[in-house]
Amino acid sequence: MASQTDSVYVTLVSSDGFEFIIPRSAACISGTIRRMLDPASKFSEALTGRCVLETLNGVVLEKVCEYFLYNEKHKDQVNVPDMEIPAELCLELLMAADYLDT
Amino acid sequence: MDNEIPLPPPRRVRYRSPSRFALPGSGSGSGSIPSSFHKSRRFSRFDDRSSQPSSDPALFSSDDIPASGVENYHAPVEGAGRKRRYRGTWWGEQVIDPKRKRADFKEKRNVDSGVWMGSDDSFAESCLPSEDASNWGEDLLKTVLDPRAPSKAPNAPYLARASESTPILGQSRATTIQGPVESEEHKYAKAVIDTCLERGDDNVDLGGINLRTIPPGLLRPLQHLTKLPSLQEAPISENAYSSLQPFLRLYLSNNSLTNLDASEIFELKDLTVLSLRNNKLTRIPEAIRKLTALQVLNISVNRLSELPWDLLWLMQQGELKHLTARPNSFPTIDESDSIEWHGPFGNPDNEDRDMDEDDEDVTPSKYIPTFRDYEGRQAQDERIPLHVASGPVEYFDMEGRPVNARDQIVSSAPSLREVSLRAISRLPGVEQLTDEELNDEFPALVIPLIALARRARQEGIRHCSVCEREFVIPRAAWTEWWDCTPHENGMKRARVLGEQLRPLPFKRSVCSWACAPRER
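Per chain, residues are indexed from 1 in the order of the written sequence. By the order in which they are written, chains take letters starting at A while ligands take numbers starting at 1. At least 70 in pLDDT is required for a residue's local features to be given in this predicted model, at least 80 for side-chain atom pairs to be given and counted, and no such filter applies to totals for whole chains, interfaces and linings, which use all residues.

The next thing to look at is the interface of chain A and chain B. Between chain A and chain B, the contact holds 20 residues from the first and 19 residues from the second. Residue assignment for the side of chain A that touches chain B shows that the elements contributing at least two residues are α4 (58-74) and α5 (90-100) of chain A. Of the residues forming the side of chain A that touches chain B, the biggest block, seven residues, is contributed by α5(A). It is the C-beta atoms, placed from the backbone, that decide contacts: two residues are in contact if theirs lie within 7 Å. A run of DSSP states H or I qualifies as a helix once it reaches four residues; a run of E qualifies as a strand once it reaches two. Both are numbered from the N-terminal end.

Here is the structure:
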């Protein structure tokens, strides 16, 4: 695959094969993904623009992507509304937050 | 001291009647002062001088019924026992609940009279809880309440003093409290609360019973306290038409409470008067914000070094009109380093002019801010709290650990950790997690975070002091100095020009770096 370092979108893949295509700037809110996609690192993720997150399943990754876009949208806003998190997901999301450094 | 009229030594205020010293067995030692009394004067937490008494306002009753002279004191008088009662100074405060009996008035008297002379710091030292004299109140109480060993106790003069000032206390409570057994105090407190609930009495006095903790479930029933109408006694006076809205007053003064974390006090939405005077508290939880009806708060004679921002919020947005915070172990403003004076108070021109006017009193290193004319001053500035200075800002990372510099992007959106912690803190049963369960059931990486969520649930979630949003992990914190003198004297007196400001330290926490003040 051709180099996609400068593409606007990146693909996040969950452990069970779901793919989420989100803006690169949103994905880079996560410190871990930012380092993965850093062109200077020469990781394969940086070359292909495709990150496989083996520790996250599809349900959690969907919520994580929702959070990325939520953060992107409300970055400079004064009154940030709360993000709804279903009770059964919050512990897994906390683990994901720890892993993704966000 | 170079006062022209020498003040009487402070001891004389307390040892008013020397004849009481001649108790059986203590006659020889009547002239000597117990050593613990001497020691307690050496270590001082005395941080400022004020003429404001820190005690709860006293109760007075009037003699405005015509036939109530001394000569016919016992004569049956029509309407006897219905004297008006005044709260605060006798020369003109509001009449309080006139239905209560005179016996309640006597019960309200405390061992500690609370009169504190601002001109005489030796007296204040002795009533502040220093390390050495930390058990002062307990010893006193045990001595007072233990009828078996009145003379053998090494601090027998305490007994004399206490029984002199509060003759009723010993009699009315000796039967209910036998000793320092924990459950006894709780039983007594429970009995007091049950009585109040039964009679519809909204004046709950749990003062001076040596409480160390507030057991769960003790205060919760007070949420449902209902006042009873009193229409059975004829003739009906105007006082019969008092409000049935409970004016809940809770006195926890002169106890040994060390912390109020996760306390049920903060569930009492109707609480209007709260006294925590003379306890061993080291911090006031942010959850005090929930007491939106609070009008009078007394937290003097504790071990506080800072106040939560939420207390200032209650003064600005809530009902809080009278805050008694001194004496306490607050640092003084000139002891704190890297202070930035706020607005007009740090103006170097003003400072210079100030020092020219005052002579040798003010040295350049000890600048004392005063209330003066400045641009933009408005009439209400004489009463509202004034921002005097700010301390340095401390930043925390996404897990709440201190970081040196803000190297990451400043975003006002919460971190994913914060978002999920907020959700976790809302889960049912989080507050009941024990430490063992935490360690067994959760991955090691997130245990400290879940402990934070548990704390947020137990103490009530905190609010950002800038944007009012809820947060679990504070991202930045700093101290702000605000002058609240009108609130400290109960709004009786406004600031006057040239008055020295005596700011109190308030700790501010915010939810994101975007809410922290800009780099200076």
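Residues and elements named next belong to chain A. Here we have three strands laid out as an open sheet, ordered β2-β1-β3, and mixed in their pairing. Of all the strands in the sheet, the pair left with one neighbour each is β2 (19-23) and β3 (50-52). When the angles between neighbouring strand axes are averaged without regard to direction, this sheet yields 25°. A pair of strands is labelled paired if DSSP reports no fewer than 2 bridges between them. In this sheet, β3 lies alongside strand β1 (residues 9-13) in parallel orientation, the contact comprising three bridges. Considered in β3, the bridge of V13 is made with V52. Where helices are involved, their axes are fitted lines through C-alpha atoms of the stretch in contact, as for all axes, and angles between N-to-C directions lie from 0 to 180°. Each of β1 and β2 is contacted by α4, which is oriented at about 5° to β2, the strand it contacts most.

Core analysis: the biggest nonpolar cluster contains 53 residues, and B:L250, B:L311 and B:W482 have the highest contact counts within it. Listing elements by their share of this core, those giving two or more residues are α8 (182-199), β5 (248-251), β6 (271-275), β7 (296-298), α9 (309-317), β11 (386-390), β16 (476-483) and β17 (504-510) of chain B. Residues in contact with B:W482, not counting those within four places in the same chain, are B:L312, B:P385, B:L386, B:H387, B:V388, B:P503, B:L504 and B:F506. With 45 residues, the next largest nonpolar core counts A:M36, A:C90, A:A97 and B:A453 among its residues. As used throughout, a nonpolar core is a set of buried Ala, Val, Leu, Ile, Met, Phe, Trp, Tyr and Cys residues joined through C-beta atoms within 7 Å of each other. Exposed residues have 12 or fewer other C-beta atoms within 10 Å of their own C-beta, buried residues have 20 or more, and residues in between are partly exposed; the C-beta atoms are placed from the backbone.

Burial along β1(A) is one-sided: the face carrying A:V10 and A:L12 is buried and the face carrying A:Y9, A:T11 and A:V13 is not. With antiparallel pairing between neighbouring strands as the criterion, β1(A) and β2(A) make up a hairpin whose turn holds five residues, including A:G17 at a positive phi of roughly 95°.

Residue and element names in this part refer to chain B. The strand order β4-β5-β6-β7-β9 describes an open sheet built from five strands, whose pairing is parallel. Each edge of the open sheet is held by one strand with a lone partner, namely β4 (203-205) and β9 (322-324). Averaged over all adjacent pairs, the angle separating strand axes in this sheet is 10°, with direction ignored. Taken together, the three bridges between β7 and β9 define a ladder with parallel strand orientation. Looking at β9, one finds that L297 is bridged to L323.

Running from amino to carboxyl end, α5(A) crosses helix α11 (residues 416-425) of chain B at an angle of 160°, the nearest separation of the two axes being 9 Å. Our classification of the angle between α5(A) and α11(B) gives roughly antiparallel. As for the relative orientation of α5(A) and α11(B), their crossing is left-handed in sense. Between α5(A) and α11(B), the contacting residues are A:C90, A:L91, A:L93, A:L94 and A:A97 on the first element and B:L416, B:R417, B:S420, B:L421, B:A423 and B:I424 on the second. Each residue is assigned to one of three groups, with Ala, Val, Leu, Ile, Met, Phe, Trp, Tyr, Cys and Pro labelled nonpolar, Asp, Glu, Lys and Arg labelled charged, and all others, Gly among them, labelled polar. Residue composition of the contact of α5(A) with α11(B), grouped by class: nine nonpolar, one polar and one charged. An angle counts as roughly parallel when it lies under 35 degrees, as roughly antiparallel when it exceeds 145, as roughly perpendicular when it falls between 65 and 115, and as oblique in every other case. Less than a right angle of anticlockwise turn of the near helix away from the far helix marks a crossing as left-handed, whereas a clockwise turn marks it as right-handed.

Before going further, it helps to spend a moment on the pairing of β5(B). All names here are of chain B. The side-chain alternation of β5 yields two buried faces, one formed by L248 and L250 and the other by R249 and Y251. As defined by bridge partners, β4 adjoins β5 across three bridges and the pair is classed as parallel. Bridge pairing in β5 places N203 opposite R249. Looking at chain direction, β5 and β6 are connected through four bridges and run parallel. Directly across from L250, in β6, lies its bridge partner L274.

So, about unusual backbone geometry. Residue and element names in this part refer to chain B. Omega for the bond connecting R326 with P327 falls within 30 degrees of zero, at 0°, which places this linkage in the cis form. With respect to the helices, strands and loops of the structure, P327 is situated in the loop between β9 and β10 (340-341). The phi dihedral of E468 falls on the positive side, at around 70°, and the residue is not glycine. Assessed through the 12 C-beta atoms surrounding it within 10 Å, E468 is described here as exposed. With a phi close to 65°, M491 is a non-glycine residue in the positive phi region. For M491, the position within the fold is in the loop between α14 (485-488) and β17.

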